[in-house]
Amino acid sequence: MRTPLVMGNWKLNGTKDSVTALVNALKEPANNAAGKAEVAVCAPAVFIGMVENLAQGSKLAWGSEDCDIHTSGAYTGENSPVMLREFGCTYAIVGHSERREYHKECSNYVAQKYQAAQQNGLIPVLCVGESEAEFDASKTMDVVREELKAVIDLCGIDSFKNAVIAYEPIWAIGTGKTATPEIAQKVHADIRAYLATFSQEVADGVRILYGGSCNAKTAPELFAQKDIDGGLVGGASLKADDFSAIIAAAVANA
Ligand code: 13P
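This structure is a prediction, so every number in the text was calculated from the model and none was measured.

Describe the site of the ligand, naming the residues involved and giving the relevant values.
Near the ligand you find Asn 9, Lys 11, His 96, Glu 168, Ala 172, Ile 173, Gly 174, Gly 212, Ser 213, Leu 232, Gly 234 and Gly 235, and these make up its full shell. Contact distances for the ligand include 3.0 Å between an oxygen atom and a side-chain N or O atom of Asn 9. Gly 234 is positioned such that a nitrogen or oxygen atom in its backbone is 2.9 Å from an oxygen atom of the ligand. In the complex, 95% of the free accessible area of the ligand, which totals 300 Å², lies under the protein chains. When atoms are counted within 2 Å of each cavity's grid points, the one that captures over half of the ligand is the second largest pocket. Considered class by class, the residues forming the shell around the ligand number 3 nonpolar, 7 polar and 2 charged.

Following this line, the structure appears as structure tokens:
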């Protein structure tokens, strides 16, 4: 039985005031969802200490949007998984398509981030997904398999017992174009089938979130799909009402 997870990815957004208001508004929906669905927000690193102070004692979990492969040292500008853990992070997103694209992060490097997160007590949220051209060329699973295989090669299939996968078709991110529930379900099922070639137990247990214009309107149908275990939400996670409605959709399908 997989507990749905609804996770916000704030990306490069927020002010002290907006973060305070948002976290305060999300504590009650997260507490009410407890036992049926889990709720988390992934914040820009500068806000993580604030989120920790605000969310502590509630059922709202928090995490980072990325993490470095090193735990400390001369790596200017990076965020160590040890430090993120010290500030109470449960999760670390790794391999988001915006980082793969803008920061030229390849799958092997993402796998090292996944490993560093996991070795230091964070649950990695591994993002996978294809571009529009790859989707049009029916290459979705070629891309996704390569992204998953890099992690399996470095960390082993059993590492997914303590990780989350987020399928985020790049063409659906921030575009308002959502993969139809049928398209998303098919890819999620294909991901599970691929993992099952290594371990049926891992394939059955791992949570696979959908991301890409997941919002209050699209979430109910997406979350009703058999292999979709919640969402990784960008834009709609910045608005307490919208995000609360997405949490409610996950609870309704739990
Ligand atoms: P949007 O929900 O804004 O499309 O972003 C999705 C995403 O990239 C979440 O990580």
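Please provide a residue-by-residue account of the side chain of Glu 168, values included.
Structurally, Glu 168 is set in the loop between strand S6 (164–167) and helix H8 (181–196). For the buried Glu 168, which has no salt bridge, the nearest side chain bearing the opposite charge is Lys 11, at an N-O separation of 6.0 Å. In terms of polar contacts, Glu 168 uses its side chain to reach the side chain of His 96, at 3.0 Å. In this structure, Glu 168 is in contact with His 96, Cys 127, Val 128, Gly 129, Glu 130, Ile 173, Gly 211, Gly 212 and Leu 232, ignoring residues within four places of it in sequence.

Calculation notes
Residues numbered from 1 in each chain as written. Predicted model: local features only at pLDDT ≥ 70, side-chain atom pairs only at ≥ 80, totals over all residues. Heavy atoms only, no water. Near = heavy atom within 4 Å. Polar contact = N/O pair within 3.5 Å; in protein donor to acceptor, adjacent residues only side chain to side chain. Areas by Shrake-Rupley, 256 points an atom, 1.4 Å probe, with all protein chains shown as cover. 1 Å grid on protein atoms, 1.4 Å probe; cavity = no way out; pocket = protein on both sides within 12 Å on 5 of 7 lines; lining within 4 Å. Sits in = over half its atoms within 2 Å of the grid points. Nonpolar A, V, L, I, M, F, W, Y, C, P; charged D, E, K, R; others polar. Helix = DSSP H or I, 4+ residues; strand = E, 2+ residues; numbered from the N terminus. Buried < 20%, exposed > 50% of the residue type's maximum accessible area, 1.4 Å probe, protein only. Lys, Arg positive; Asp, Glu negative; His and termini not counted. Salt bridge = Lys/Arg side-chain N within 4 Å of Asp/Glu carboxyl O. Contact = heavy atoms within 4.5 Å.

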